[in-house]
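Topology and contacts: notes
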Amino acid sequence: LDVAIDEYTRYVCYMIELMIARMKPPETMFSMIFDLTGFSVTMVAYKNRRLMIRKLIYIAQTQYPERLKRCFLVNAPYGFETAWSLIRPLLDEKTASKIIFAKNEDMLEEIDADTLSVSYGGNHDEYRVPMKQLEEELKEPM
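Counting restarts for each chain, with residues numbered from 1 along the sequence as it is written. Only residues with pLDDT of at least 70 are given local features in this predicted model, and only at 80 or more are side-chain atom pairs given and counted; all residues enter the totals for whole chains, interfaces and linings. Excluding hydrogens and water, the side-chain values take into account all heavy atoms of the structure.

Further remarks concern the packing of aromatic side chains. For Phe, Tyr and Trp, where Trp contributes only its six-membered ring, two rings pair if their centres lie within 6.5 Å, and the inter-plane angle classes them as stacked under 30 degrees, edge-to-face over 60, or tilted in between. This structure, assessed with the given rule, holds 4 aromatic pairs. Seen from their ring centres, phenylalanine 80 and phenylalanine 101 are 5.6 Å apart, and the 70° between their planes marks the pair as edge-to-face. Of this pair, phenylalanine 80 sits in helix H3 (residues 80-87) while phenylalanine 101 sits in strand S3 (residues 99-102), and the two are 21 residues apart along the sequence. Burial here depends on accessible area, computed with a 1.4 Å probe over protein chains only, as a share of the maximum for the residue type. Under 20% is buried, over 50% is exposed, and the range in between is partly exposed. For phenylalanine 80, a relative accessible area of 3% gives the class buried. Take phenylalanine 101: its relative accessible area is 38%, and that puts it in the partly exposed class. With 5.8 Å between their ring centres and 90° between their planes, tryptophan 84 and phenylalanine 101 make a pair best called edge-to-face. Strands here mean DSSP runs of E at least two residues long; helices mean DSSP runs of H or I at least four residues long; both are numbered from the N terminus.

Moving on, we get to the pattern of salt bridges. We define a salt bridge as a contact between a side-chain nitrogen of Lys or Arg and a carboxyl oxygen of Asp or Glu at a distance within 4 Å. According to the stated counting rule, one finds 8 salt bridges in the structure shown. The residue lysine 55 makes a salt bridge to aspartate 6 at a minimum N-O spacing of 2.4 Å. Here lysine 55, found in helix H2 (residues 47-63), pairs with aspartate 6, found in helix H1 (residues 2-22); they are 49 residues apart in sequence, far enough to count as distant. As a salt-bridge pair, lysine 94 and glutamate 66 come within 3.2 Å of each other at their nearest N and O atoms. Taken together, the residues lysine 94 in helix H4 (residues 93-96) and glutamate 66 in the loop between H2 and strand S2 (68-74) connect sequence positions 28 residues apart.

With that out of the way, let us pick up empty space enclosed by the protein. In this analysis a 1.4 Å probe is tested at points of a 1 Å grid over the protein atoms alone, and where it fits but cannot get out there is a cavity; an open set with protein on both sides within 12 Å along at least five of seven lines is a pocket; lining residues have an atom within 4 Å of a point. Grid points are joined across faces, edges and corners, and a volume is the space filled by probe spheres set on the points. Applying the stated rule across the entire model yields 1 cavity of 30 Å³ or more. Here the largest cavity is characterised by a volume of approximately 40 Å³. The wall of the largest cavity is formed by Ala60, Gln61, Tyr64, Pro65, Leu68, Thr95 and Lys98. Asp, Glu, Lys and Arg are counted as charged, while Ala, Val, Leu, Ile, Met, Phe, Trp, Tyr, Cys and Pro are counted as nonpolar; the rest, among them Gly, fall into the polar class. When grouped by side-chain class, the residues that make up the lining of the largest cavity number 4 nonpolar, 2 polar and 1 charged.

Bringing the sheet that holds strand S1 (residues 30-35) into the picture now. The strands making up a sheet associate through hydrogen bonds between their backbones, and the pairing can be parallel or antiparallel. Reading across the sheet, the 3 strands line up as S1-S2-S3 and stay open at both edges, with parallel pairing between neighbours. Each edge of the sheet is formed by a strand with only one pairing partner; in this case those strands are S1 and S3. Each strand axis lies, on average, 25° off the axis of its neighbour in the sheet, ignoring direction. Paired strands, in this sense, are two strands between which DSSP finds at least two bridges. Sheet topology places S1 next to S2; 6 bridges connect them, and they run parallel. Within S2, the residue paired with aspartate 35 across the bridge is valine 74. Working convention: axes come from line fits to C-alpha atoms, limited for helices to the stretch in contact. Angles between N-to-C directions cover 0 to 180 degrees.

Next up on the list: the side chain of glutamate 137. With respect to the secondary-structure elements, glutamate 137 resides in helix H6 (residues 134-137). Counting of polar contacts relies on pairs of N or O atoms within 3.5 Å, with two restrictions inside protein: one atom must be capable of donating a hydrogen and the other of accepting it, and residues adjacent in sequence are counted only when both atoms are side-chain atoms. Polar contacts involving the side chain of glutamate 137 include one to the main-chain amide nitrogen of lysine 132, which spans 3.2 Å. Those residues in contact with glutamate 137, other than ones at most four positions away along the chain, are Tyr14, Leu18, Arg22, Arg128, Pro130, Met131 and Lys132. When checking whether two residues touch, look at their non-hydrogen atoms; a contact exists if any pair is within 4.5 Å.

Below, the structure written as structure tokens:
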């Protein structure tokens, strides 16, 4: 399971690096959507899952401190507030203030409808999942 946690952490870093590489000046910040469909509060009870969350928070706060514009948590299941109460203290206040529980219409206030995918209320077709080396992926159209 530690290998899976490391893989997931690397994949999130890969996605962040890909977003940064595709930014067009003057843009320097990005927004993220974490879809919590399928998440359950019991997931946070396991030590290895808490470790993964801590790793992701550490990376976000130390490697990309000024890049995060907003993090939207969508489709939060009933009871997620309990899990959030365990996660939030791990964040510095500046980072925590950028994280919001959102509905599709909330995201459309900050994300252009032509960029936001259809499944979240926007106009953009679903984005394909990047799976190539970063340099190769940058050659592909979005």
